[in-house]
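Observations on the model geometry
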Amino acid sequence: MKAVAEAERQAREKASSAQAFTTVELESSSSSSSQASEAEGSGSDLDPDVDVRSPKRQRGARGVVQVVTPEVVVALDRTNVSDRKAAHIFSAMASSGHLCENVGELIISPSGIRRARIKCREALATELKDTFRPQVPLILHWDGKIMEDCSLPGQETVDRLPVLVSVQDVVKLLAVPKLHAGTAVVMATSILQTLDEWGLKDRISGLCFDTTVSNTGLKGRVCVLIERELERDLLNLACRHHVAEIVLEKVFGLHDTSKSPNIELFHHFKEYWPRVDQTSFRTAMVDEEMRSRVAEWREEVIMFATDQLHQHQPRDNYRELLELTIIFLGGQPPKGVRFRYPGAIHRARWMSRAIYTLKMVIFREQYPMDQRPGPSRRQTRSETSWNHSEEVAIFIVQVYAKYWFQAPSSVSAPRNDPYLLKVVDDFPSKEISIAATTVFSGHLWYLSETLVGFAFFEDQVTLEVKRKMVKNLKDKPGSKDAPKRIHSVNRPQNMDLSDLVTTFTKRFFNILHVNEDFLQKDPLEWAADQKYQRSLDLVKSVRVVNDLAERGVALMTELNDSLTKSEEQKQFLFQVVEAHRKKYSAPTKAAALNT
């Protein structure tokens, strides 16, 4: 049999070499079942009419030179290039002589590329796990999402839970496990299992989470279960962006009776947008009454928004909100007046409430509310509805925008919360004032005896208050069972932060392993103390917004249905792509030289 097979092989080679233009398929098509097996993870770009061929390579010749190096694997994964597409690319490069003089030595078949990628992904992901040994306290982040389960046929869905850790310069995606149920017990178990696999249980000092009931309930919720399993107190860092979103939703929803997933009013405005003359808009400075209302704080808000625009903004909608704030107040953004095409209208897109409201008020004179179709036409036609929209717009630029962009600062959190309540309490519209105060008062996490410790590192807290804080830290008795957050407090906007500090606040320093020696000195001397400065760097790096978990959700959404259906390979894929994104933000020559 071997002799017969050898004779057939030589005959095929002889016939192939007689052709004027020698080409050969990169991948054997011995059987349809074998092809389907090798095509796993190659994407949906298999074209039966396209023959992937390599010049000067004879049929049956085996390559020995591996083109797919670890660096190439990560680049292909990051750009979501399937094995089949990669074979086309390498074939074209080989035909131009950029890869090797002897093309027959190259391994550039889709199946060969696939095997190399599987091997390299696992090796790279294993190396990332083995070398991740942070020696600093870590903050744990998570956020779930229901998405399609690509490993199962049909339209099955599954809960996925990105789990990350952060502090200082450390931001690491640990895993994106698949859950069989979205309950608190299942989520907590999956998170703890992930921490155990990475050997990080002893390093976790805080939990950063969205304030959903499944996370924050008093009994049997994720935070409680994690603390119980780790057998120690952790900092409960409620996402401050999520809290701000809840406040805006409450204020906006006072006159929003629709229950549909999409905000109907925004949908109509988005459809009308092509007819809007963007050169003709209405600012708060046009109306005399509104101009007098914003005069006291207008310049301060414009300066704040302009300063934020000069800083890096991770999302385009953040930048758009700042630009609209400046335009609404009659200012000029650094890049000039411009309006983006209206975006998402789903209720889950929290920022859309602020952006759409400002745009609709700015173009109120062009937008014919009385022509809007639908069952709520009568309500939207009313002057009351428009007046509410203008009040919401003023609330956004005066209160919400500034709070939103200051929310990521951990050290400012205890000071900003009472300040927000004071501004909201003084807001002219009592309907909005009461609604915002009521909902925000249920999320006073950072006015607890523990998290008030952040205020020791805030420059805006006066020396007098800090001296009182130090004294209370030593002398004022605290409760061993102090709640994670204040549920009710008498006018917190008028409180002194020192009133919250007790001996129990020392837990804050212990949990974060913060050196307390600087407390023996007067607050006036802290800035010159090296131990204080090191502690300040650590405390400032604590993330009190859960945006990292949302980026994890975005990553898994992008890669969920591509490249591979293997759950193990999918986890490796998340690891290598996240690491490459952090290392190389853009494809440049400098990045290539540093590879």
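Structural notes, computed from the coordinates.

Calculation notes
Residues numbered from 1 in each chain as written. Predicted model: local features only at pLDDT ≥ 70, side-chain atom pairs only at ≥ 80, totals over all residues. Heavy atoms only, no water. Helix = DSSP H or I, 4+ residues; strand = E, 2+ residues; numbered from the N terminus. Buried < 20%, exposed > 50% of the residue type's maximum accessible area, 1.4 Å probe, protein only. Contact = heavy atoms within 4.5 Å. Areas by Shrake-Rupley, 256 points an atom, 1.4 Å probe, with all protein chains shown as cover. Pairing = 2+ DSSP bridges. Axes fitted to C-alpha atoms, helices over the stretch in contact; angles between N-to-C directions. Core = buried A, V, L, I, M, F, W, Y, C linked by side-chain atoms within 4.5 Å. Phe/Tyr/Trp six-rings, centres within 6.5 Å; stacked < 30°, edge-to-face > 60°. Lys NZ or Arg CZ within 6 Å of the ring centre and 35° of its normal. Left-handed = near helix turned anticlockwise from the far one by under 90°. Nonpolar A, V, L, I, M, F, W, Y, C, P; charged D, E, K, R; others polar.

This next bit is on the overall build of the chain. Along its length, the chain carries 24 helices and ten strands. Buried residues in the chain amount to 50% of all 595 residues. Of the contacts made within the chain by residues no fewer than 6 positions apart, 76% connect residues no fewer than 24 positions apart. Total accessible area on the chain stands at roughly 29400 Å², and carbon and sulfur atoms take up 51% of it.

What follows covers the sheet that holds strand β6 (residues 163-167). Strand pairing in a sheet relies on backbone hydrogen bonds. The paired strands run either parallel or antiparallel. Taken together, the five strands give an open sheet; going across it, the order is β7-β6-β3-β9-β10, and neighbouring strands pair in mixed fashion. Unpaired on one side and paired on the other, β7 (170-175) and β10 (235-238) mark the two borders of the sheet. This sheet shows a mean twist of 25 degrees between the axes of neighbouring strands, independent of strand direction. Here strand β3 (residues 138-142) runs beside β6; their pairing, made up of four bridges, is antiparallel. The partner of W142 across the bridge, within β6, is V163.

This brings us to helix α8 (residues 222-230). Buried residues of α8: V222, C223, L225, I226, E227 and L230, and no others. Close packing links the buried residues of α8 with β3, α6 (184-198), β9 (204-209), α7 (213-216) and β10. Phi turns positive, to about 60 degrees, at E231, one or two residues after α8.

Counting 132 residues, the largest nonpolar core has I226, F328 and F457 as the members making the most contacts within it. Broken down by element, the residue count for this core peaks at eleven residues, all from helix α16 (residues 383-406). Excluding residues that lie within four positions of it along the chain, F457 makes contacts with V411, F508, F509, V514, F518, Y532, S535, L536 and V539. Counting 17 residues, the second largest nonpolar core, distinct from the first, contains A549, L563, F574 and V577.

All told, the structure shown has 25 aromatic pairs when counted by the stated rule. The rings of F252, F266, F269, W273, F281, F339, Y356 and F363 are connected pair by pair, giving a single aromatic cluster. Sitting over the face of the ring of F304, K402 holds its NZ or CZ atom 5.9 Å from the ring centroid.

Here the focus is the packing of helix α9 (residues 240-252) against helix α18 (residues 430-440). Running from N to C, α9 and α18 cross one another at 145 degrees; their axes reach a closest spacing of 9 Å. In this structure, α9 crosses over α18, and the sense of that crossing is right-handed. Residues V243, I246, V247, K250 and V251 of α9 form the contact with α18, whose own contacting residues are I432, A435, A436, V439 and F440. For the contact of α9 with α18, the per-class residue count stands at nine nonpolar, no polar and one charged.

This brings us to the sheet that holds strand β8 (residues 178-179). Spatially, β4-β5-β8 is the arrangement adopted by the three strands of the open sheet, whose pairing is antiparallel. Either end of the sheet is taken by a strand with one partner, and the two such strands are β4 (145-148) and β8. Bridge count for strand β5 (residues 157-160) against β8 is two bridges, and the pairing is antiparallel. Looking at the pairing, D159 lines up with L179 of β8. Packed onto the sheet, helix α22 (residues 547-559) meets β4 and β5 and runs at close to 5 degrees relative to β4.

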